[in-house]
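Chain and residue survey
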Amino acid sequence: GEFGKENSIVACPSEVDEVAGESLSSQWVLQELVAGKEELSVSLLVQDGKILEVVGTSYKCGREIFVWPNVRNVEVTPYEPSPTECEVMTLFL
């Protein structure tokens with residue numbers, strides 16, 4: 001997981017301007033931060049729009065607000081998504 005290595009956490013539009021400056025464009029992704037010490041990750045093996053396999057992982061961290069990989073994991077454990085969660089993921093296929 002290196003995708004977050006160049007990310008920034010901002011709290012207001014003026015901080016976006018400070019971080020992005022003149023380079024803010026459609027190439028940027030701005031998303032809402034969801035605070036919490038646990039991140040759930042799910043990988044799917046999909047064929048013809050059907051989920052064949054599901055692998056989930058729970059990452060528990062030492063802070064409420066973080067961007068991966070700039071955080072220390074406290075605990076990494078398997079996570080099994082519920083059937084309802086899998087149904088929701090199917091809607092994105």
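For the structure, see preceding data.
Because the structure is predicted, anything quoted here is derived from the model rather than measured.

1. Regarding the overall build of the protein
The helix and strand inventory of the protein stands at 2 helices and 3 strands. Helices (α) and strands (β) of the protein occur, in sequence order from the N terminus, as α-β-β-β-α. In terms of C-alpha radius of gyration, the protein reaches 16 Å, well past the compact-globule figure of 12 Å for 93 residues. Dimensions of the protein, computed from C-alpha atoms along their principal axes, come out at roughly 45 × 35 × 20 Å.

2. Focus on the sheet that holds strand β1 (residues 38–47)
Here 3 strands make up an open sheet; going across it, the order is β1-β2-β3 and the pairing antiparallel. Only two strands of the sheet have a single partner each, and these edge strands are β1 and β3 (73–79). With strand direction ignored, the average angle separating the axes of adjacent strands in the sheet is 20 degrees. Pairing of strand β2 (residues 50–61) with β3 involves 6 bridges; the strand directions are antiparallel. Paired with S58 across the two strands is T77, which belongs to β3. With respect to the sheet, helix α2 (residues 83–90) is in contact with β1, β2 and β3, its orientation differing from that of β2 by roughly 115 degrees.

So, how was this worked out
- Residues numbered from 1 in each chain as written.
- Predicted model: local features only at pLDDT ≥ 70, side-chain atom pairs only at ≥ 80, totals over all residues.
- Heavy atoms only, no water.
- Helix = DSSP H or I, 4+ residues; strand = E, 2+ residues; numbered from the N terminus.
- Rg over C-alpha atoms; globule rule 2.2 N^0.38 Å.
- Pairing = 2+ DSSP bridges.
- Axes fitted to C-alpha atoms, helices over the stretch in contact; angles between N-to-C directions.
- Contact = heavy atoms within 4.5 Å.

These values are about where atoms sit, not about what they do.
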